[in-house]
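# Tertiary structure, described
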Amino acid sequence: MMDYREAIRRLESLIDYERTPAAAAAARLWNLDRIAYMLQAVGNPHRGVKFLHIAGTRGKGSTAAVTAYILTSAGYRTGLYTSPHLQSFRERIRIDAQMIPEAELASLVKEVQPIIEQMSESEIGAPSFFDVYTLLGLMHFARNKVDFAILEPGLGGRLDATNVVTPIACAITRIGIDHTEELGNTLAQIAGEKAGIIKPGVPVISSEQPEEAMEVLDRVCRERGCRLEMAPMVEILSADEHGQRLRVSLGDETLDLECPLIGAHQAENLAVAIGLIGLLREQGFSVPGKAIIQGVRSVRWPGRFQIVRRRPYVVLDGAHDETGARALVATMESLFPGRRVILVFGMVRGHDPEAVVSQLSPLADRIFITAASSPRAVDPEALRRIAGGCIRVPVSEAIEEALQEAGEEDVVLIAGSLYIVGEAMTVL
């Protein structure tokens with residue numbers, strides 16, 4: 001009998017393109033053959049599930065979480081598949097906000113292990129960690145008979161393992177420059193990869209986009225006979241350290257919402273989620289306004305401007321690219337104007353350190369450079385040359401020293417990567 005620890009050990013033995021930088025560049029050369037092969041081997045359970053697919057550079061996880069909480073509040077059994085995780089592998093696969101049970105994950109890994117071994121010895125080749133985890137998520141959702149399953153691609157969209165599904169609606173959150181080795185160097189190239197999730201005839205909701213990206217989305221939707229709609233406008237009525245009050249119109253209905261997610265960028269993500277709900281309503285699914293209000297009020301999405309302590313304030317934010325860092329700075333300046341900021345900062349490869357540092361460094365009065373326990377971690381000395389400050393590794397040491405230095409009215413900001421945030425959560 002395979003237990004949970006053994007299941008995780010087996011999964012970790014697979015090649016992981018989230019953590020292995022040398023292999024990541026080859027991802028563009030991949031196709032969906034491996035995930036399709038595995039799904040066929042277990043009877044293609046995904047074909048009986050209604051999917052919502054959400055791609056984008058920033059905010060797709062938050063958008064997926066808001067959508068899931070709304071649908072759960074409306075009485076639907078709702079699956080949610082996201083990445084990466086912060087502390088537990090099980091975070092990636094949830095139903096109605098509950099992580100996949102350890103015993104069920106272990107049972108699924110035991111079931112698919114012969115398929116993995118067979119593939120490893122065949123021409124098709126061994127599947128990646130993300131391939132297998134996507135398989136497990138789709139099996140879990142199908143066997144638990146979810147009404148909807150919401151999928152967030154791990155990277156890009158066109159060649160991502162999640163793109164094996166045919167959704168009933170798609171969403172594209174804000175597109176920016178990121179993961180250039182895998183997705184391309186221009187907004188048009190990156191938008192083309194994200195637009196790969198768009199299927200013929202399937203309606204699409206989009207956040208406001210840069211012109212270059214919008215042109216690509218518009219062209220792809222016209223070519224595939226899809227209706228492209230923009231997310232509804234959201235008015236921010238008030239905002240503080242506990243969340244924000246928002247007003248949004250959906251059809252003929254105007255809703256006043258209380259959202260615990262902090263920052264104007266989260267209002268934009270929420271707008272995309274509301275737009276997705278509108279597409280579902282058009283298809284005949286009942287999602288009452290009161291379910292939207294309750295779902296938004298109850299949403300939890302850790303590691304995104306999450307205030308975990310006060311006196312001093314300790315803020316966790318996984319901002320890892322220029323767009324995310326800019327949003328983080330805007331939120332910090334809005335909520336904590338004039339306060340002394342101590343930054344605990346680390347990054348992983350695949351993003352532009354200079355672009356992120358250019359945003360965050362002016363905000364900080366003191367900087368501690370650190371590194372997550374990941375092979376993708378950027379060398380702290382390289383970051384120190386860009387950002388200044390001093391090096392403290394591991395993350396626990398950097399946090400401990402930052403807290404010792406902080407006064408009661410200061411803010412300790414831990415940012416630069418969700419890997420850093422996940423380790424910080426364990427420490428704190």
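The structure under discussion appears in the preceding block.
Now for a look at the structure at hand. Remember, it's a predicted structure, so these values are computed and weren't measured experimentally.

## Here's the deal with the overall build of the chain
Counting its secondary structure elements, the chain contains 16 helices and 17 strands. Here the C-alpha atoms of the chain give a radius of gyration of 21 Å, agreeing with the 22 Å that 2.2 N^0.38 yields for 428 residues. When its C-alpha atoms are laid out on the principal axes, the chain stretches across 60 × 55 × 40 Å. Taking all 428 residues of the chain together, 57% fall into the buried category. Nonlocal contacts in the chain, meaning residues at least 24 apart in sequence, comprise 73% of its contacts between residues at least 6 apart. Within the structure as shown, the chain displays about 17,300 Å² of accessible surface, and the carbon and sulfur contribution to it stands at 47%.

## Some details on the sheet that holds strand β4 (residues 98–99)
Read across the open sheet, the eight strands follow the order β4-β3-β2-β5-β1-β6-β7-β8; overall the sheet is mixed. The sheet is open, and its two borders are formed by β4 and β8 (228–230), each paired with just one other strand. Pairing of strand β7 (residues 204–206) with β8, which is carried by three bridges, proceeds in the parallel orientation. Within the sheet, the bridge partner assigned to V204 lies in β8 and is L228. With respect to the sheet, helix α6 (residues 129–143) is in contact with β1 (51–55), β2 (78–81), β3 (93–95) and β5 (148–151), its orientation differing from that of β3 by roughly 15°.

## Topic: helix α16 (residues 418–427)
Residue pairs spaced three or four apart in an α-helix point in one direction, given the helix's 3.6 residues per turn. Counting buried positions along α16 yields seven of ten residues, so the element is predominantly enclosed. When we look at burial in α16, the residues that qualify are L418, Y419, I420, V421, G422, A424 and M425. The backbone nitrogen of Y419 lies 2.9 Å from a side-chain oxygen of the residue at the head of α16, namely S417.

## As for the packing of helix α15 (residues 395–405) against α16
Between α15 and α16, whose axes approach to 9 Å, the crossing angle comes to 65°. Taken together, the axes of α15 and α16 lie roughly perpendicular to each other. Like other packed secondary-structure pairs, α15 and α16 cross with a definite hand, here right-handed. Contact with α15, carried on its side by V395, S396 and I399, involves I420, E423, A424 and V427 of α16 and no other residues of that element. Each residue belonging to the contact of α15 with α16 can be placed in one class, and the counts come to five nonpolar, one polar and one charged.

## A short note on the nonpolar core
If you look at the biggest cluster of nonpolar residues, it comprises 41 residues, and the most contacted ones within it are L71, L257 and I292. The set of elements that each furnish at least two residues to this core consists of β1, α4 (60–73), β5, β6 (169–172), β10 (243–250), β11 (253–259), α10 (264–282) and α11 (289–298). For this core, the leading source of residues is α10, giving ten residues. One finds F89, F130, L136 and M139 within the second-largest nonpolar core, a separate group that totals 39 residues.

## Details of the side chain of H85
Residue placement: H85 occurs in the loop between β2 and β3. Among the polar contacts made by the side chain of H85, one reaches the side chain of R92 at a distance of 2.9 Å. Not counting residues within four places of it along the chain, the set of residues in contact with H85 comprises E91 and R92.

## A short note on helix α1 (residues 4–12)
Residues Y4, A7, I8 and L11 constitute the buried set of α1. For α1, the angular spread of buried residues about the axis comes to 95°, placing them on one side. Buried residues in α1 make contact with α5 (102–120) and α6.

## Quick notes on the packing of α1 against α5
For the pair α1 and α5, interaxial distance at closest approach is 8 Å and the crossing angle is 50°. As summarised for this structure, α1 and α5 are arranged oblique, according to the angle between their axes. Two packed elements cross with a definite hand, and for α1 against α5 that hand is left-handed. From α1, Y4, A7, I8, R10 and L11 reach across to α5, where they touch E102, L105, A106, V109 and Q113. Broken down by class, the residue content of the contact of α1 with α5 amounts to seven nonpolar, one polar and two charged.

Calculation notes
- Residues numbered from 1 in each chain as written.
- Predicted model: local features only at pLDDT ≥ 70, side-chain atom pairs only at ≥ 80, totals over all residues.
- Heavy atoms only, no water.
- Helix = DSSP H or I, 4+ residues; strand = E, 2+ residues; numbered from the N terminus.
- Rg over C-alpha atoms; globule rule 2.2 N^0.38 Å.
- Buried < 20%, exposed > 50% of the residue type's maximum accessible area, 1.4 Å probe, protein only.
- Contact = heavy atoms within 4.5 Å.
- Areas by Shrake-Rupley, 256 points an atom, 1.4 Å probe, with all protein chains shown as cover.
- Pairing = 2+ DSSP bridges.
- Axes fitted to C-alpha atoms, helices over the stretch in contact; angles between N-to-C directions.
- Polar contact = N/O pair within 3.5 Å; in protein donor to acceptor, adjacent residues only side chain to side chain.
- Parallel < 35°, antiparallel > 145°, perpendicular 65-115°, else oblique.
- Left-handed = near helix turned anticlockwise from the far one by under 90°.
- Nonpolar A, V, L, I, M, F, W, Y, C, P; charged D, E, K, R; others polar.
- Core = buried A, V, L, I, M, F, W, Y, C linked by side-chain atoms within 4.5 Å.
- Arc of directions from axis to C-beta.

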